[in-house]
Amino acid sequence: MFLAIDVGNSQTTIGLIENGSVERRWRLKTDRLDTSDELDAALRSFLALDGIALADVHAAAVASVVPVLTDMWRNALAHALGKEPFIVSAAEVRGIEVAMPYPSQIGADRIADAVEARGTYGSPAIVVDFGTATNIDVVDGRGRYRGGCIAPGLMLSASALFEKAAKLASIPIEVPPAPIGDTTEHALQSGLVLGVAAQAEGLVARIKAQLAAEEGVDGIDCPVIATGGLSRVIGQATDVFTAVDVDLTLRGIWRIWQAR
């Protein structure tokens, strides 16, 4: 079995992968003050609760956008497994061409999404990852990673709104019954959830138009994959997505490790 660790700005996702399939998934809050000992203990607790022995895990890889925690996870996994984990880096990734001038600036989660999207869905492909930020990543018709878009994520926008607007309180993050909200709660859900869905629709349309122009064709049809913690909610609010694939990033980490 293989451990894939996706360290995001708000949450860290740990996936246990066997034969390319995510068999177990655990989440913990990303805390920049965590030590390697604390991460080691958390990992052992997750595995023990599901009756999984450390001896059954043969390797691990980490995709982290929090540099201070990259070393903490490296040390924790080295201690737990007795071997160094593989660290995902867009600057050194194999199996996909990065057609961007500064690959070292690309988040490891973004390159994992692109690699797995191409491997599972083909190319061209577009991934919309709903996390702390909403990342859109593009694989062009030649199978190259081209970059994409970065926007504030839904929860980041919601937190800022609730903090600055005295009369607005936090609400359930779910699809409202209609775009025109007849209560404050429904109006907030419309603006936040449907707003993020509409943003994805608009950016995907513009990306498809650019890809089509570059190929010299009238239009282009390609898979659009939603992933990330809120992908299932946003997926209910739009038909722009070909698939909602919550394990895309974890499988991408595994695929990059295989090609190392």
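Computed from a predicted structure; not experimentally measured.

Here's the deal with helix α5 (residues 184-215)
For an α-helix, the turn length of 3.6 residues means that residues three or four places apart are oriented alike.
Item 1. For α5, spanning 32 residues, the distance from its first C-alpha to its last is 46 Å, which sits close to the expected 46 Å at 1.5 Å a residue.
Item 2. The principal kink in α5, of about 30°, is found at Gly195.
Item 3. Taken together, the buried positions of α5 are Leu188, Gln189, Ser190, Leu192, Val193, Val196, Ala197, Ala200, Val204, Ile207, Leu211 and Ala212.
Item 4. Residues of α5 that are buried sit in contact with β6 (125-130), β7 (133-139), β8 (145-152), α4 (154-164), β9 (224-227) and α6 (231-235).
Item 5. Within two residues after α5, Gly216 carries a phi angle of roughly 70°, on the positive side.

Quick look at the nonpolar core
Item 1. Core analysis: the biggest nonpolar cluster contains 25 residues, and Phe2 and Ile111 have the highest contact counts within it.
Item 2. Among the elements of the structure, β1 (2-7), β4 (59-64), α3 (108-121) and α7 (248-258) are those that each provide at least two residues to this core.
Item 3. Beyond its immediate chain neighbours, meaning those up to four positions away, Ile111 contacts Val88, Ala90, Val93, Ile96, Val98, Ile106, Tyr145 and Ile256.
Item 4. In terms of nonpolar packing, the next biggest core, distinct from the first, is built from 22 residues, Leu39, Leu47, Trp73 and Ala76 among them.

What to know about the sheet that holds β9
Item 1. If you walk across this open sheet you meet the five strands as β8-β7-β6-β9-β10, and the pairing is mixed. Looking at the sheet topology across the chains shown, the edges are occupied by β8 and β10 (243-244).

Description of the pairing of β1
Item 1. Within β1, six of the six residues are buried, leaving the element largely enclosed by the surrounding structure.
Item 2. By the alternation rule, side chains of β1 split into Phe2, Ala4 and Asp6 and Leu3, Ile5 and Val7, which are all buried.
Item 3. As paired strands, β1 and strand β2 (residues 11-18) are joined by six bridges and run antiparallel to one another. Residue pairing across strands places Leu3 opposite Leu16, the latter belonging to β2.

Notes on the packing of α3 against α7
Item 1. One way to put it is that α3 packs onto α7 with a least axis distance of 7 Å and a crossing angle of 85°. Between α3 and α7, the angle is such that the two are roughly perpendicular. Across from Asp109, Ile111, Ala112, Asp113, Val115, Glu116, Ala117, Gly119, Thr120 and Tyr121 in α3, the residues of α7 making contact are Leu248, Thr249, Arg251, Gly252, Ile253, Arg255 and Ile256.
Item 2. Each residue belonging to the contact of α3 with α7 can be placed in one class, and the counts come to eight nonpolar, four polar and five charged.

With respect to the sheet that holds β2
Item 1. With respect to topology, five strands assemble into an open sheet ordered β3-β2-β1-β4-β5, the strand pairing being mixed. Bordering the open sheet on either side are β3 (21-29) and β5 (86-87), each of which pairs with just one other strand.
Item 2. The strands touched by helix α2 (residues 67-81) are β1, β2, β4 and β5; relative to β4, the strand with the most contacts, the crossing angle is about 170°.
Item 3. Strands β1, β2, β3, β4 and β5 of the sheet are contacted by α7, whose axis makes an angle of about 120° with β1.

Reading the values: rules and limits
- Residues numbered from 1 in each chain as written.
- Predicted model: local features only at pLDDT ≥ 70, side-chain atom pairs only at ≥ 80, totals over all residues.
- Heavy atoms only, no water.
- Helix = DSSP H or I, 4+ residues; strand = E, 2+ residues; numbered from the N terminus.
- Expected span 1.5 Å × (residues − 1).
- Bend = angle between axes of the 7 residues up to and from the residue.
- Buried < 20%, exposed > 50% of the residue type's maximum accessible area, 1.4 Å probe, protein only.
- Contact = heavy atoms within 4.5 Å.
- Core = buried A, V, L, I, M, F, W, Y, C linked by side-chain atoms within 4.5 Å.
- Pairing = 2+ DSSP bridges.
- Axes fitted to C-alpha atoms, helices over the stretch in contact; angles between N-to-C directions.
- Parallel < 35°, antiparallel > 145°, perpendicular 65-115°, else oblique.
- Nonpolar A, V, L, I, M, F, W, Y, C, P; charged D, E, K, R; others polar.

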